Amino acid sequence: MHRRHRRRRPPAAAALLALVCAIPVGISATASADAAPPAFAHPGVLVSKSQLEFVRGKVQAGAQPWKAAYDQMHASKYASLARTPKPRAVVECGSYSNPNYGCTDEREDALAAYTLALEWYITRDSRYAAKAVQIMDAWSGTVKDHTNSNAPLQSAWSASTWPRAAEIIRYTYNGWPADKVDRFGQMLRNVYLPKVVNGSRSNGNWELSMTEATIGIAVFLNDRTVYDKAVATFRGRVPAYVYLASDGALPKTSPGSGLDTRDEIVKYWQGQTTFVDGLTQETCRDLTHTGYGLSAIAHVAETSRIQGQDLYPEVADRLRHALGLQSKYELGTAVPSWLCGGKLSQHMGPVTEVGFNALHNRLGYGMDNTQKLTEQRRPAGTDNLFTAWETLTHAGNPS
């Protein structure tokens, strides 16, 4: 992140000086557009109060596609009031979840808490809120660490979801005791944040998911320093994940990547040597991991927008081209020989709704391929990792 030079302030501006002095250590006193909000909006991780109200009204009216999306969520295992949480003190996750000691349980309990929080808001049935609280309390009273090679990614996926659930429950339901709210916050700060806040030099979806987790944790904790660190990481990683022709002959690299030569960059980009608008660092790896990265980009931007610092304009061209390019081939267009040797593997998950709504519906970009794919796949379900029910929460949502 390139910081602007500090401007000289009039010595008599006592009020302004007091404001600057009140900024926590580590945050640049640059223009407010580059800083965390002075006060966070709640609920404010991925979904806002006004967005939730929009969804509730559509579901109650039986309007589509929201009613079908709600029915899909309601019928899922994550909405069950009979769910028994399965917390562990140490969650151990190896590569591709081998070994898997609590990895699936943790991710799915977090998704269940979020699902139940949405159920609570839409139905006003307090049993859903109470069940979400039970799950969150079970984990906050138990988990102490994540270990093995996938610990950072596991932490990122789980901690991307926990704050979404916690924000809805904390700010719309009065049955979560303050001491348990505090304990949950300490879990986020002490167990998850150390694993995600400093990012990763691995494939880009890792650092993007870690950044999503970091910004969500920052909002829940009302921590402006952590929020700013997440935004700085985001600004460094997104241009290094999605290529635009304006970048030049080679893709950009993220700060600290250590990628100094053409050969190193090409290898990092899975051997791809022809670069076009919307190609991602993982396109030639597979579209599933690419989808993780694009989903996290949209989630971070959506949370920032709710918080009054809209990052969408900064990433709009990269995100719209990336969604469009991947959607084009998901829809069945033949893969040319110059692209990944003429073959793309696997498929994107339910990851297009948030970015499509923001870029097409709010900002007015034409996105024909993304629109066709998004509408074709509605209602978008869950990837069972960190993305869930986004037709319900974001389809056509103007808020």
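All values reported here derive from a predicted model rather than from experimental measurement.

Participant: Give a description of the state of the cysteines that names residues and reports values.
Facilitator: In the structure shown here, the tally under the stated rule is two disulfides. Across the disulfide from Cys93 sits Cys103; the S-S distance is 2.1 Å. Negative torsions about the S-S bond denote left-handed disulfides, and the value of about -125 degrees found for Cys93 with Cys103 makes this one left-handed. Placement of Cys93 in strand β3 (residues 90–93) and of Cys103 in helix α4 (residues 103–123) is noted, with a sequence separation of 10 residues between them. Each member of the pair, Cys93 together with Cys103, is buried. In this model Cys284 forms its disulfide with Cys340; the gap between the sulfur atoms is 2.0 Å. Across the disulfide from Cys284 to Cys340, rotation about the S-S bond amounts to roughly -75 degrees, and the bridge is consequently left-handed. Of this pair, Cys284 sits in the loop between α10 (262–268) and α11 (287–306) while Cys340 sits in the loop between α12 (312–330) and α13 (353–362), placing them 56 residues apart in sequence. The same class applies to Cys284 and to Cys340, which are both buried. When the cysteines of the chain that form disulfides are numbered from the N-terminus onward, they connect as 1-2, 3-4.

Participant: Pulling in residues and values, what's your account of the packing of helix α8 (residues 204–221) against α11?
Facilitator: Taken N-terminus to C-terminus, the directions of α8 and α11 make an angle of 25 degrees; their axes are 8 Å apart at the nearest point. For the element pair α8 / α11, the angle class is roughly parallel. Along this stretch, α8 crosses α11, giving a crossing that reads as left-handed. Packed against α8, whose contacting residues are Asn205, Leu208, Ser209, Thr211, Glu212, Ile215 and Val219, the element α11 presents His289, Tyr292, Gly293, Ala296, Ile297, His299, Val300 and Thr303 at the interface. Partitioning the contact of α8 with α11 into residue classes produces seven nonpolar, seven polar and one charged.

Participant: Explain unusual backbone geometry residue by residue, including any values.
Facilitator: Gln64 connects to Pro65 through a cis peptide bond whose omega is 10 degrees. Mapped onto the secondary structure, Pro65 falls in the loop between α2 (49–60) and α3 (66–74). Going from Arg378 to Pro379, the amide bond is cis rather than trans, its omega being 0 degrees. Within the chain, Arg124 stands out as a residue other than glycine whose phi angle is a positive 60 degrees. Tracing the sequence through the fold places Arg124 in the loop between α4 and α5 (126–140). Positive phi outside glycine occurs at Gln270, with the angle close to 60 degrees. Note that Gln270 resides in the loop between α10 and α11. Judged by relative accessible area, Gln270 falls into the partly exposed class, the value being 30%.

Participant: Report on the nonpolar core, specifying residues and quantitative values.
Facilitator: Formed by 116 residues in total, the largest nonpolar core has its most connected members in Met136, Trp162, Ile169 and Ile297. Here the element with the most residues in this core is α4; it accounts for 12 residues. When neighbours within four sequence positions are excluded, Ile297 is seen to be in contact with Leu208, Phe234, Val238, Tyr241, Val242, Val315 and Leu319.

Cut-offs used in this document
- Residues numbered from 1 in each chain as written.
- Predicted model: local features only at pLDDT ≥ 70, side-chain atom pairs only at ≥ 80, totals over all residues.
- Heavy atoms only, no water.
- Disulfide = S-S within 2.5 Å.
- Helix = DSSP H or I, 4+ residues; strand = E, 2+ residues; numbered from the N terminus.
- Buried < 20%, exposed > 50% of the residue type's maximum accessible area, 1.4 Å probe, protein only.
- Axes fitted to C-alpha atoms, helices over the stretch in contact; angles between N-to-C directions.
- Parallel < 35°, antiparallel > 145°, perpendicular 65-115°, else oblique.
- Left-handed = near helix turned anticlockwise from the far one by under 90°.
- Contact = heavy atoms within 4.5 Å.
- Nonpolar A, V, L, I, M, F, W, Y, C, P; charged D, E, K, R; others polar.
- Core = buried A, V, L, I, M, F, W, Y, C linked by side-chain atoms within 4.5 Å.

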